Amino acid sequence: MAERAILVLGAGGHGKAVVDLLLGLGEFSVAGVVDAAPRVTEILGVPVLGGVAEAARALAAGAAYAHPAIGANAARLAAGAWLEATGFALPTLIHPSAVVGRSATLGAGVVVMARAVIGPDAAIGRLALINTGAIVEHDCTVGEGAHLAPGVVLSGGVRVGARAMIGAGAVVLPGVSVGADAIIGAGAAVISDVAAGTTVVGVPARNVDPNATTT
Ligand SMILES: CC(C)(COP(=O)(O)OP(=O)(O)OC[C@H]1O[C@@H](n2cnc3c(N)ncnc32)[C@H](O)[C@@H]1OP(=O)(O)O)[C@@H](O)C(=O)NCCC(=O)NCCS
(Lines give C-alpha, C1' and ligand atoms only; values in the text may rest on other atoms or scores of the structure.)
Protein backbone atom coordinates (compact mmCIF):
# COMPACT_ATOMS: atom_id res chain seq x y z
CA MET A 1 0.00 0.00 0.00
CA ALA A 2 1.32 3.47 -0.89
CA GLU A 3 2.65 5.68 1.89
CA ARG A 4 -0.33 8.03 1.80
CA ALA A 5 -3.19 5.57 1.55
CA ILE A 6 -6.65 6.97 2.28
CA LEU A 7 -10.00 5.43 3.15
CA VAL A 8 -13.29 7.05 2.12
CA LEU A 9 -16.31 6.66 4.40
CA GLY A 10 -19.51 7.08 2.39
CA ALA A 11 -20.51 5.31 -0.82
CA GLY A 12 -23.21 7.75 -1.95
CA GLY A 13 -23.11 10.60 -4.46
CA HIS A 14 -20.75 12.74 -2.41
CA GLY A 15 -18.55 9.68 -1.86
CA LYS A 16 -18.27 9.34 -5.61
CA ALA A 17 -17.30 13.02 -5.96
CA VAL A 18 -14.60 12.63 -3.29
CA VAL A 19 -13.22 9.44 -4.86
CA ASP A 20 -13.06 11.25 -8.20
CA LEU A 21 -11.21 14.15 -6.55
CA LEU A 22 -8.74 11.77 -4.86
CA LEU A 23 -8.05 9.80 -8.05
CA GLY A 24 -7.33 13.05 -9.89
CA LEU A 25 -5.14 14.46 -7.13
CA GLY A 26 -2.62 11.64 -7.28
CA GLU A 27 -1.36 12.45 -3.75
CA PHE A 28 -3.02 9.42 -2.19
CA SER A 29 -3.74 5.86 -3.10
CA VAL A 30 -7.41 5.19 -2.40
CA ALA A 31 -7.48 2.08 -0.22
CA GLY A 32 -11.23 1.63 -0.51
CA VAL A 33 -14.63 2.89 0.53
CA VAL A 34 -16.70 1.84 3.54
CA ASP A 35 -20.34 2.69 4.20
CA ALA A 36 -22.87 2.10 6.98
CA ALA A 37 -25.10 0.33 4.45
CA PRO A 38 -23.16 -0.31 1.24
CA ARG A 39 -25.30 -0.76 -1.85
CA VAL A 40 -22.53 -0.83 -4.46
CA THR A 41 -19.38 -2.93 -4.70
CA GLU A 42 -17.12 -0.35 -6.32
CA ILE A 43 -16.95 3.37 -7.03
CA LEU A 44 -14.97 4.52 -10.07
CA GLY A 45 -12.96 1.30 -9.84
CA VAL A 46 -12.25 1.65 -6.11
CA PRO A 47 -13.56 -1.32 -4.08
CA VAL A 48 -16.29 -0.84 -1.49
CA LEU A 49 -14.81 -2.86 1.36
CA GLY A 50 -18.03 -3.25 3.34
CA GLY A 51 -19.44 -1.74 6.52
CA VAL A 52 -17.69 0.79 8.73
CA ALA A 53 -16.16 -2.04 10.79
CA GLU A 54 -13.84 -2.54 7.81
CA ALA A 55 -12.24 0.83 8.60
CA ALA A 56 -10.10 -0.67 11.39
CA ARG A 57 -8.86 -3.34 8.98
CA ALA A 58 -7.89 -0.67 6.43
CA LEU A 59 -6.05 1.27 9.16
CA ALA A 60 -4.15 -1.85 10.18
CA ALA A 61 -3.29 -2.45 6.51
CA GLY A 62 -1.64 0.97 6.33
CA ALA A 63 -4.32 3.53 5.41
CA ALA A 64 -3.31 6.36 7.75
CA TYR A 65 -5.73 8.89 6.23
CA ALA A 66 -9.49 8.98 5.85
CA HIS A 67 -12.31 11.27 4.76
CA PRO A 68 -15.98 11.16 5.78
CA ALA A 69 -17.65 11.76 2.41
CA ILE A 70 -21.15 12.30 3.76
CA GLY A 71 -23.31 15.11 2.43
CA ALA A 72 -25.35 15.62 5.62
CA ASN A 73 -23.38 18.13 7.66
CA ALA A 74 -23.90 16.86 11.22
CA ALA A 75 -23.35 13.26 10.10
CA ARG A 76 -20.12 14.27 8.32
CA LEU A 77 -18.81 15.89 11.52
CA ALA A 78 -19.75 12.86 13.63
CA ALA A 79 -18.14 10.46 11.15
CA GLY A 80 -15.01 12.63 11.05
CA ALA A 81 -14.73 12.55 14.84
CA TRP A 82 -15.18 8.77 14.79
CA LEU A 83 -12.48 8.35 12.12
CA GLU A 84 -10.05 10.48 14.13
CA ALA A 85 -10.82 8.54 17.33
CA THR A 86 -10.19 5.33 15.38
CA GLY A 87 -6.72 6.61 14.47
CA PHE A 88 -7.00 8.18 11.02
CA ALA A 89 -5.75 11.65 10.09
CA LEU A 90 -8.15 13.87 8.13
CA PRO A 91 -6.23 15.70 5.38
CA THR A 92 -7.53 18.77 3.57
CA LEU A 93 -8.39 17.88 -0.02
CA ILE A 94 -8.06 20.66 -2.58
CA HIS A 95 -8.79 20.16 -6.26
CA PRO A 96 -5.88 21.36 -8.43
CA SER A 97 -8.15 23.82 -10.27
CA ALA A 98 -9.24 25.53 -7.04
CA VAL A 99 -7.61 28.79 -5.99
CA VAL A 100 -6.88 29.25 -2.29
CA GLY A 101 -5.62 32.61 -1.03
CA ARG A 102 -2.21 32.53 0.59
CA SER A 103 -3.48 33.74 3.97
CA ALA A 104 -6.64 31.61 4.00
CA THR A 105 -6.80 28.88 6.64
CA LEU A 106 -8.44 25.48 6.18
CA GLY A 107 -9.27 23.10 9.03
CA ALA A 108 -8.79 19.34 9.08
CA GLY A 109 -10.85 17.43 6.56
CA VAL A 110 -11.94 20.46 4.52
CA VAL A 111 -12.74 19.61 0.89
CA VAL A 112 -12.41 22.26 -1.82
CA MET A 113 -13.88 21.06 -5.09
CA ALA A 114 -12.99 22.00 -8.67
CA ARG A 115 -12.86 25.69 -9.60
CA ALA A 116 -13.74 26.92 -6.14
CA VAL A 117 -12.04 30.14 -5.03
CA ILE A 118 -11.15 31.05 -1.43
CA GLY A 119 -9.92 34.59 -0.82
CA PRO A 120 -7.28 35.99 1.51
CA ASP A 121 -7.83 35.75 5.26
CA ALA A 122 -10.86 33.50 4.81
CA ALA A 123 -11.09 30.85 7.54
CA ILE A 124 -12.73 27.52 6.75
CA GLY A 125 -13.65 25.28 9.69
CA ARG A 126 -12.95 21.56 9.92
CA LEU A 127 -14.84 19.25 7.60
CA ALA A 128 -16.52 22.11 5.76
CA LEU A 129 -17.34 21.35 2.13
CA ILE A 130 -16.60 24.05 -0.44
CA ASN A 131 -18.29 22.58 -3.48
CA THR A 132 -17.70 23.00 -7.19
CA GLY A 133 -17.22 26.58 -8.31
CA ALA A 134 -18.14 28.17 -4.97
CA ILE A 135 -16.55 31.53 -4.19
CA VAL A 136 -15.57 32.48 -0.65
CA GLU A 137 -14.37 36.08 -0.73
CA HIS A 138 -11.80 37.71 1.52
CA ASP A 139 -12.26 37.67 5.31
CA CYS A 140 -15.16 35.21 5.34
CA THR A 141 -15.45 32.62 8.10
CA VAL A 142 -17.12 29.29 7.42
CA GLY A 143 -17.99 27.15 10.44
CA GLU A 144 -17.15 23.51 10.92
CA GLY A 145 -19.17 21.09 8.86
CA ALA A 146 -20.83 23.81 6.78
CA HIS A 147 -21.58 23.11 3.11
CA LEU A 148 -21.36 25.68 0.35
CA ALA A 149 -23.10 23.98 -2.59
CA PRO A 150 -21.95 24.43 -6.21
CA GLY A 151 -21.80 28.01 -7.41
CA VAL A 152 -22.39 29.72 -4.06
CA VAL A 153 -20.97 33.22 -3.70
CA LEU A 154 -20.02 34.49 -0.25
CA SER A 155 -19.12 38.17 -0.60
CA GLY A 156 -16.42 39.68 1.59
CA GLY A 157 -16.64 39.30 5.36
CA VAL A 158 -19.57 36.89 5.42
CA ARG A 159 -19.88 34.59 8.46
CA VAL A 160 -21.40 31.14 8.06
CA GLY A 161 -22.14 29.14 11.20
CA ALA A 162 -21.36 25.52 11.89
CA ARG A 163 -23.28 22.95 9.84
CA ALA A 164 -25.12 25.59 7.80
CA MET A 165 -26.11 24.55 4.26
CA ILE A 166 -25.96 27.19 1.53
CA GLY A 167 -27.87 25.91 -1.53
CA ALA A 168 -26.55 25.90 -5.07
CA GLY A 169 -26.04 29.30 -6.65
CA ALA A 170 -27.04 31.31 -3.57
CA VAL A 171 -25.40 34.69 -3.06
CA VAL A 172 -24.71 36.18 0.38
CA LEU A 173 -24.08 39.93 0.53
CA PRO A 174 -21.01 41.44 2.22
CA GLY A 175 -20.80 41.20 6.00
CA VAL A 176 -23.97 39.14 6.43
CA SER A 177 -24.07 36.38 9.08
CA VAL A 178 -25.71 33.02 8.51
CA GLY A 179 -26.37 31.21 11.79
CA ALA A 180 -25.43 27.66 12.71
CA ASP A 181 -27.58 24.94 11.11
CA ALA A 182 -29.36 27.47 8.89
CA ILE A 183 -30.44 26.38 5.40
CA ILE A 184 -30.29 28.76 2.44
CA GLY A 185 -32.36 27.70 -0.58
CA ALA A 186 -30.78 27.28 -3.99
CA GLY A 187 -30.58 30.57 -5.87
CA ALA A 188 -31.34 32.78 -2.87
CA ALA A 189 -29.98 36.29 -2.43
CA VAL A 190 -29.26 36.71 1.27
CA ILE A 191 -29.29 40.41 2.08
CA SER A 192 -29.60 40.32 5.90
CA ASP A 193 -28.56 38.08 8.77
CA VAL A 194 -30.14 34.62 8.99
CA ALA A 195 -30.92 33.24 12.44
CA ALA A 196 -29.49 29.91 13.52
CA GLY A 197 -31.52 26.89 12.48
CA THR A 198 -33.83 28.74 10.10
CA THR A 199 -34.51 28.19 6.39
CA VAL A 200 -34.65 31.08 3.93
CA VAL A 201 -35.35 31.07 0.18
CA GLY A 202 -35.79 33.49 -2.68
CA VAL A 203 -34.63 36.89 -3.88
CA PRO A 204 -34.39 38.58 -1.49
CA ALA A 205 -34.26 35.62 0.88
CA ARG A 206 -37.28 35.20 3.18
CA ASN A 207 -37.90 32.77 5.99
CA VAL A 208 -40.01 29.73 5.05
CA ASP A 209 -40.03 28.06 8.47
CA PRO A 210 -43.49 27.47 9.88
CA ASN A 211 -44.11 29.86 12.82
CA ALA A 212 -41.07 31.92 11.85
CA THR A 213 -40.55 35.12 13.82
CA THR A 214 -37.48 36.36 11.92
CA THR A 215 -36.79 36.96 8.25
C1 LIG B 1 -34.72 25.43 0.60
C2 LIG B 1 -34.93 23.94 0.55
C3 LIG B 1 -33.97 23.23 1.50
C4 LIG B 1 -36.36 23.69 0.99
O5 LIG B 1 -36.65 22.35 0.95
P6 LIG B 1 -37.98 21.81 1.69
O7 LIG B 1 -37.86 22.03 3.16
O8 LIG B 1 -38.19 20.41 1.20
O9 LIG B 1 -39.10 22.80 1.24
P10 LIG B 1 -40.26 22.65 0.15
O11 LIG B 1 -39.74 22.02 -1.12
O12 LIG B 1 -41.42 22.02 0.83
O13 LIG B 1 -40.60 24.18 -0.18
C14 LIG B 1 -41.15 25.08 0.79
C15 LIG B 1 -41.55 26.34 0.07
O16 LIG B 1 -40.36 27.04 -0.35
C17 LIG B 1 -40.32 27.14 -1.80
N18 LIG B 1 -38.94 26.88 -2.18
C19 LIG B 1 -38.21 25.77 -1.92
N20 LIG B 1 -36.96 25.92 -2.36
C21 LIG B 1 -36.90 27.14 -2.91
C22 LIG B 1 -35.85 27.84 -3.52
N23 LIG B 1 -34.62 27.31 -3.63
N24 LIG B 1 -36.11 29.09 -3.99
C25 LIG B 1 -37.35 29.62 -3.87
N26 LIG B 1 -38.38 29.01 -3.27
C27 LIG B 1 -38.15 27.76 -2.81
C28 LIG B 1 -41.28 26.10 -2.31
O29 LIG B 1 -41.79 26.46 -3.57
C30 LIG B 1 -42.33 26.10 -1.22
O31 LIG B 1 -43.15 27.22 -1.38
P32 LIG B 1 -44.74 27.16 -1.07
O33 LIG B 1 -44.85 26.80 0.39
O34 LIG B 1 -45.22 28.53 -1.41
O35 LIG B 1 -45.26 26.09 -1.97
C36 LIG B 1 -34.66 23.35 -0.87
O37 LIG B 1 -35.73 23.62 -1.75
C38 LIG B 1 -33.36 23.87 -1.49
O39 LIG B 1 -33.30 24.89 -2.18
N40 LIG B 1 -32.28 23.11 -1.25
C41 LIG B 1 -30.96 23.38 -1.76
C42 LIG B 1 -30.46 22.12 -2.46
C43 LIG B 1 -29.05 22.29 -2.96
O44 LIG B 1 -28.63 23.31 -3.45
N45 LIG B 1 -28.29 21.20 -2.82
C46 LIG B 1 -26.94 21.18 -3.26
C47 LIG B 1 -26.44 19.78 -3.25
S48 LIG B 1 -24.77 19.67 -3.83
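Conventions used here
- Residues numbered from 1 in each chain as written.
- Predicted model: local features only at pLDDT ≥ 70, side-chain atom pairs only at ≥ 80, totals over all residues.
- Heavy atoms only, no water.
- Buried < 20%, exposed > 50% of the residue type's maximum accessible area, 1.4 Å probe, protein only.
- Helix = DSSP H or I, 4+ residues; strand = E, 2+ residues; numbered from the N terminus.
- Pairing = 2+ DSSP bridges.
- Near = heavy atom within 4 Å.
- Polar contact = N/O pair within 3.5 Å; in protein donor to acceptor, adjacent residues only side chain to side chain.
- Areas by Shrake-Rupley, 256 points an atom, 1.4 Å probe, with all protein chains shown as cover.
- Nonpolar A, V, L, I, M, F, W, Y, C, P; charged D, E, K, R; others polar.
- Core = buried A, V, L, I, M, F, W, Y, C linked by side-chain atoms within 4.5 Å.
- Contact = heavy atoms within 4.5 Å.
- Axes fitted to C-alpha atoms, helices over the stretch in contact; angles between N-to-C directions.
- Expected span 1.5 Å × (residues − 1).
- Arc of directions from axis to C-beta.

Asker: Could you clarify how one ought to interpret the pairing of strand S5 (residues 65–68) in this entry?
Answerer: Regular strands have side chains that alternate between both faces of the sheet. Residues Tyr-65 and His-67 point to one face of S5 and Ala-66 and Pro-68 to the other, with burial holding for every one of them. Pairing analysis gives four bridges linking strand S1 (residues 5–9) to S5, with the strands arranged parallel. For Val-8, the partnering residue across the bridge sits in S5 and is His-67.

Asker: Looking at this structure, how should I read the site of the ligand?
Answerer: Near the ligand, the surroundings consist of Asn-131, His-147, Ala-149, Pro-150, Met-165, Gly-167, Ala-168, Ile-183, Gly-185, Ala-186 and Val-201. The backbone of Ala-168 places a nitrogen or oxygen atom 2.7 Å from an oxygen atom of the ligand. Ala-186 places a polar main-chain atom, nitrogen or oxygen, 2.9 Å from an oxygen atom of the ligand. Protein coverage of the free-state accessible area of the ligand, which is 910 Å², stands at 35%. Tallied by class, residues from the shell around the ligand come to seven nonpolar, four polar and no charged.

Asker: How do you make sense of the nonpolar core when you look at a structure like this?
Answerer: One recurring pattern in soluble globular proteins: nonpolar side chains tend to sit buried together. Ranked by internal contacts, the top residues of the largest apolar core, which has 34 residues, are Ile-130, Val-136, Leu-148, Leu-154, Val-178 and Ile-184. If near-sequence neighbours (up to four positions away) are discounted, Ile-130 is found in contact with Val-111, Val-112, Met-113, Ala-116, Ile-118, Ile-124, Val-136 and Leu-148. Residues Val-8, Leu-22, Tyr-65 and Leu-129 belong to the second largest nonpolar core, which totals 20 residues.

Asker: Can you help me understand the sheet that holds strand S3 (residues 42–43) in this one?
Answerer: Note on sheets: strands pair through backbone hydrogen bonds, and any given pair is parallel or antiparallel. Within the open sheet, the five strands sit side by side as S3-S4-S2-S1-S5. Their pairing is mixed. Where the open sheet ends on each side, the last strands, each with one partner, are S3 and S5. Strand direction decides the pairing type here: strand S2 (residues 29–34) and strand S4 (residues 46–50), joined by two bridges, are parallel. Paired with Val-34 across the strands is Gly-50, a residue of S4. Of the strands in this sheet, S1, S2, S3, S4 and S5 are in contact with helix H1 (residues 13–25), which crosses S1 at around 165 degrees. Contacting S1 and S5, helix H3 (residues 73–86) crosses the sheet at an angle of about 160 degrees to S5.

Asker: Help me out: how do you make sense of H1 in this one?
Answerer: Helical periodicity: at 3.6 residues per turn, an α-helix aligns residues three or four positions apart in one direction. When the terminal C-alpha atoms of H1 are compared, their 19 Å separation across 13 residues agrees well with the 18 Å that a helix rising 1.5 Å per residue should span. Buried within H1 are the following residues: His-14, Gly-15, Val-18, Val-19, Leu-21, Leu-22 and Leu-25. Along the long axis of H1, the arc covered by the buried residues comes to 160 degrees, so they all point the same way. Across H1 from its buried face, at more than 90 degrees, point the exposed residues Gly-13 and Gly-24. Positioned one or two residues after H1, Gly-26 has a phi angle of 75 degrees, which is positive.

Don't take any of this as a statement about function, it's just geometry.
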